[in-house]
Amino acid sequence: MSRRFLSIGECMVELSQAGDGLLRKGFAGDTFNTAWYARACLAADWSVDYFTALGDDAMSDEMLAFIDTSGIGTSLIRRIRGRTPGLYMINLKNGERSFSYWRDSSAARSLAADPDRLREAVESAAVIYFSGITLAILPHEDAETLLAEVRRAKAAGKLVVFDPNIRPRLWSSYDVMHTTISEGARSSVLVMPSFDDEAAHFGDDSIEATIHRYRALGAVDIVVKNGADGVTLNFAGEQTFVPAEKVKKVVDTTSAGDSFNGAFLARYLEAGDAPAAARFAAKVAARVVSEHGALVVREKLGLDGG
């Protein structure tokens, strides 16, 4: 089996407050963050690749170089003349974060517009990871193209992983959001939702309701994240609860779920033990939320101690 982890989605330019009216530039995005933590936690004989589209401007060049120096493969990334990456800015007021986005014309919206390139990327991987945000930014016909490819991958026995990562303002309507996210789950082997999103936008009144709904759609295994209240796993019908790690001081929750996903998948791919992978990922996520920023360097993740 190929030992390639492929993450599909959008990496954006991030602007955060640096004090004195200045802004700090970085790069982040849900599926890229997960690829980052998977790379940090996977053995060296695994490759991690990112599939997206970038422009031909200087910022795209800089982002591509950053992804590459992070140890994440860039050979599958499409470059589109005249396009640019999306951008978001983090606003802080009384310690609370809010976000402003400029992504309507980002190159990543065309990541699935070349079906042959997409198929080549998916066929080369053992694990394919995508999210509700990946689907939300695509034109309808391109979202259908991506769903068709991950369905083929699932049928071929690959591990297709989907985090619904529900962001209503990215969708044209609730009906489109519900239908497309459900199709994303139906096309996947493992679904990794966050319970607060599922309760708010699908009306689930319990974690069991979330598990039942995704299993009815065809997901084989489900990991329901519930913040400080831990994680519920349902693998092949067997349910397990794993508590969250205690955190002395929460500094930044931006990448809590993304880091958990990446760390969980890395450990699960190596050992096949879902509860152990969840315990490991809970420790990594606890370290991540104790630091500033979406991407925490490997040295601060406590990985050497397991």
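Above this text is the structure in question.
Criteria and thresholds
Residues numbered from 1 in each chain as written. Predicted model: local features only at pLDDT ≥ 70, side-chain atom pairs only at ≥ 80, totals over all residues. Heavy atoms only, no water. Helix = DSSP H or I, 4+ residues; strand = E, 2+ residues; numbered from the N terminus. Buried < 20%, exposed > 50% of the residue type's maximum accessible area, 1.4 Å probe, protein only. Pairing = 2+ DSSP bridges. Core = buried A, V, L, I, M, F, W, Y, C linked by side-chain atoms within 4.5 Å. Contact = heavy atoms within 4.5 Å.

(A) A look at the environment of Glu144. Position of Glu144 among the secondary structure elements: in helix α5 (residues 140-155). Note on Glu144: relative accessible area 35%, which makes it partly exposed.

(B) View of the pairing of strand β3 (residues 22-28). In this structure, strand β2 (residues 12-19) lies alongside β3, joined through 7 bridges in antiparallel fashion. Directly across from Gly19, in β3, lies its bridge partner Leu22. From the end of β2 to the start of β3, which pair antiparallel, there are 2 residues, and Asp20 there has a positive phi angle of about 55 degrees.

(C) Geometry of the pairing of strand β12 (residues 221-225). Most of β12 is tucked away: 5 of the 5 residues are buried. Taking every second residue as pointing to the same face, both faces of β12 are buried, with Asp221, Val223 and Lys225 on one and Ile222 and Val224 on the other. For strand β11 (residues 190-191) and β12, the ladder comprises 2 bridges, and the chain directions are parallel. Bridge assignment links Leu190 to a residue of β12, and that residue is Asp221. Connecting β12 to the antiparallel partner strand β13 (residues 231-235) that follows it, the hairpin turn spans 5 residues, and Gly227 within it adopts a positive phi of roughly 55 degrees.

(D) Local environment of the nonpolar core. In this structure, Phe5, Leu190, Val223, Leu233, Phe260 and Phe264 are the most contacted members of the largest nonpolar core, which totals 56 residues. Looking at which element gives the most residues to this core, the answer is helix α10 (residues 274-289), with 8 residues. Once residues lying within four places of it in the same chain are set aside, the contact partners of Val223 are Leu190, Val191, Met192, Pro193, Val231, Thr232, Leu233, Phe235, Phe260 and Phe264. Residues Ile80, Ala108, Ala143 and Val160 belong to the second largest nonpolar core, which totals 44 residues.

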